Each structure stands twice: as C-alpha cells, then as structure tokens.
Amino acid sequence: MRTETGKTEKHIRRLFHKGCVEYGLVADGDKILVALSGGKDSLCLLRMLAQQSRLHRPAIRVEAAHVIMDNIPYETDRSYLTHYCEEQGVRLHLLHSSFDETTDRRRTRCFLCSWNRRKTLFSFASEQGFNKVALGHHQDDIIITLLMNQTFEGSMQTMPPRLKMNHYPLEIIRPLCLVHEDMITTLAAELGFEKQKTPCPYETVTHRNTMTQVFRQLETINPEARHSLWSAMKNVHHDLLP
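Just so it is clear, the model here is predicted, and its values are computed rather than measured.

Colleague: Lay out the side chain of Ser-42 in plain terms, naming residues and giving numbers.
Modeller: Note that Ser-42 resides in helix α2 (residues 40-53). Relative accessible area serves as the criterion here: at 4%, Ser-42 is assigned to the buried category. Side-chain polar atoms of Ser-42 contact the backbone oxygen of Gly-39, separated by 3.2 Å. When neighbours within four sequence positions are excluded, Ser-42 is seen to be in contact with Val-34, Ala-35, Leu-36 and Ser-37.

Here's what the structure looks like:
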C-alpha cells in the first residue's frame, strides 16, 4: 500500500510541478492562500503546496481558508480540516459567509453561494496581504468548463491556470491544472481523506454534473479525447472559423 501511495503521489507531484513551471504559477516570495473546501481536490492541492513551501526555492508561504456558508445545509468536519492542516504545517482560517437569494431571483442558489464564497475568500486574502489564491481545479474541471461554455454560453473560454483579478490585487492560480481527477480520487482513497459530513444538496442537479457524463462518453469514444481537447485550446485556427 505504501509503495502504491508513493507512486500515485509522485505522479501527481510531477504534474503539479510541470503545471507550476509551464504556467508560471509559483514564484519566490509568494504568499498563497489555499481555498480549502474539504473536498479531495483542495486537500490534495494543500498537500502539494505545503510540500513545496518546505523547499528552499522558490521560497513561498502557504496558508488555508475554509469558508462556511451559514445558510446552506452542508457541512465539512472542521476538526478534521484543522488536524489535516496541522499535519501539513499550514495555518487554517475559518471564515463565515451567507447570502439572501431574494436579492436576485435571476440567479440560482449555486451561483449565489459560489459568488459570495469567493467574495469572502478574496476579500480576506487581499486584507491579509496574500498575493495569490490557489484553487483546487484539476484538468477535468477545466475541460468540462470549456464544454459547458461552448454548449450553454456559446463562448470559447474556460478556467485558466493563472488569472490576474481586476477588482482585487490578487492572482488566481490552479496548480493541479494538469492533474487528472482519477489520480486525485486514487490518492484520496489511499491516504484516507475524509468526505464532507453533509454534502451539498444541490451538487448533483447542475449542468456540470451532466457535462461530466458527456466528457466521460467522449473519453469512451476516443481515449485521447482529453489530450485533444486540451491541445485544441492552444491550436485555434481563426481563419477557418466563421
């Protein structure tokens, strides 16, 4: 078991470092706040960045923040998150947020929850002197967002590995951008990551869940679909488009 766990983590770490170098995600002197939801992706991200912070170069500081949405009935075991962060040698901040859905009937609860959670996170990061916020999106997330925007928004865009924010003196980074979700799932099982005590009641009724199934079907049709879709974002022939 220990050998297999080491193999999985080594593979993830290699892709983590490749993504950081290829997209310039981590630099000397960075103070990075990890958005720790408590899911497998953010736990994996924190582990990778905590290990990176113990290296001499680049010299970075890493802390984590968990946002508690007071009016949404889901819950993460905060004692587990606290213990996990202590194991990684990372300070954990617990933040509270909420929203009033009557203020904008045009938006779904998922959108309002996500928007307010991010606003709380970014405001805290800016006030505390962080220059980067790290999110746990992996390669599957980025590709599925691309497919969602094409299908529902009619646009060619997704979540970039690195994004400079307009309204905050921050950059968003996604160091797991080259990591496959199934690798993280395997690592989570091997290391015994704990799941949320009460999952979000809306997480299975979104377009993202449906588009994930579409992506899996594409991989069944073509095992190289992942790599083709990723390459397509860097291989746009404008002269052959309307």
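Picking up after the structure, the text goes on.
Colleague: Tell me about the nonpolar core, and please be specific about residues and values.
Modeller: Core analysis: the largest hydrophobic core is formed by 46 residues, its most contacted members being Val-34, Leu-36, Cys-44, Leu-46, Leu-49, Ala-64 and Leu-176. Here the element with the most residues in this core is α2; it accounts for seven residues. If we ignore the near neighbours within four places in the chain, the residues touching Leu-176 are Phe-16, Asp-41, Cys-44, Leu-45, Met-48, Gly-136, His-137, His-138, Gln-139 and Ile-184. The next biggest cluster of nonpolar side chains, apart from the first, holds 21 residues, and it includes Cys-113, Ala-125, Val-133 and Ile-172.

Colleague: Now, about the sheet that holds strand β3 (residues 91-97): what can you tell me, with residues and values included?
Modeller: Whenever strands of a sheet pair, they do so through backbone hydrogen bonds, lying parallel or antiparallel. Within the open sheet, the six strands sit side by side as β3-β2-β1-β4-β6-β5. Their pairing is mixed. Each edge of the open sheet is held by one strand with a lone partner, namely β3 and β5 (162-164). This sheet shows a mean twist of 25° between the axes of neighbouring strands, independent of strand direction. Here strand β2 (residues 61-69) runs beside β3; their pairing, made up of seven bridges, is parallel. Bridged to Val-67 within β3 is Leu-95. The strands touched by α2 within the sheet are β1 (31-35), β2 and β4 (132-134), with β1 carrying the most contacts at an inclination of about 160°.

Colleague: Let's hear about the packing of aromatic side chains: which residues, and what values?
Modeller: A ring pair, where both rings are aromatic, is described by two values, the distance of the centres and the angle of the planes. Evaluated as defined, the whole model comprises four aromatic pairs. Measuring from centroid to centroid gives 6.1 Å for Tyr-80 and Tyr-84, while their planes differ by 35°, and the two rings are tilted. Taken together, the positions of Tyr-80 and Tyr-84, both in helix α3 (residues 78-88) and four residues apart, correspond to about one turn of that helix. Judged by its relative accessible area of 3%, Tyr-84 falls in the buried class. When the centroid spacing of 5.7 Å and the interplanar angle of 85° are considered together, the rings of Tyr-84 and Phe-193 count as edge-to-face. In this pair, Tyr-84 sits in helix α3 while Phe-193 sits in the loop between α6 (181-191) and α7 (207-221), placing the two residues 109 residues apart along the sequence. One cation-aromatic arrangement involves Lys-31 over Phe-130; the distance from NZ or CZ to the ring centre is 4.6 Å.

What counts and what doesn't
- Residues numbered from 1 in each chain as written.
- Predicted model: local features only at pLDDT ≥ 70, side-chain atom pairs only at ≥ 80, totals over all residues.
- Heavy atoms only, no water.
- Helix = DSSP H or I, 4+ residues; strand = E, 2+ residues; numbered from the N terminus.
- Buried < 20%, exposed > 50% of the residue type's maximum accessible area, 1.4 Å probe, protein only.
- Polar contact = N/O pair within 3.5 Å; in protein donor to acceptor, adjacent residues only side chain to side chain.
- Contact = heavy atoms within 4.5 Å.
- Core = buried A, V, L, I, M, F, W, Y, C linked by side-chain atoms within 4.5 Å.
- Pairing = 2+ DSSP bridges.
- Axes fitted to C-alpha atoms, helices over the stretch in contact; angles between N-to-C directions.
- Phe/Tyr/Trp six-rings, centres within 6.5 Å; stacked < 30°, edge-to-face > 60°.
- Lys NZ or Arg CZ within 6 Å of the ring centre and 35° of its normal.

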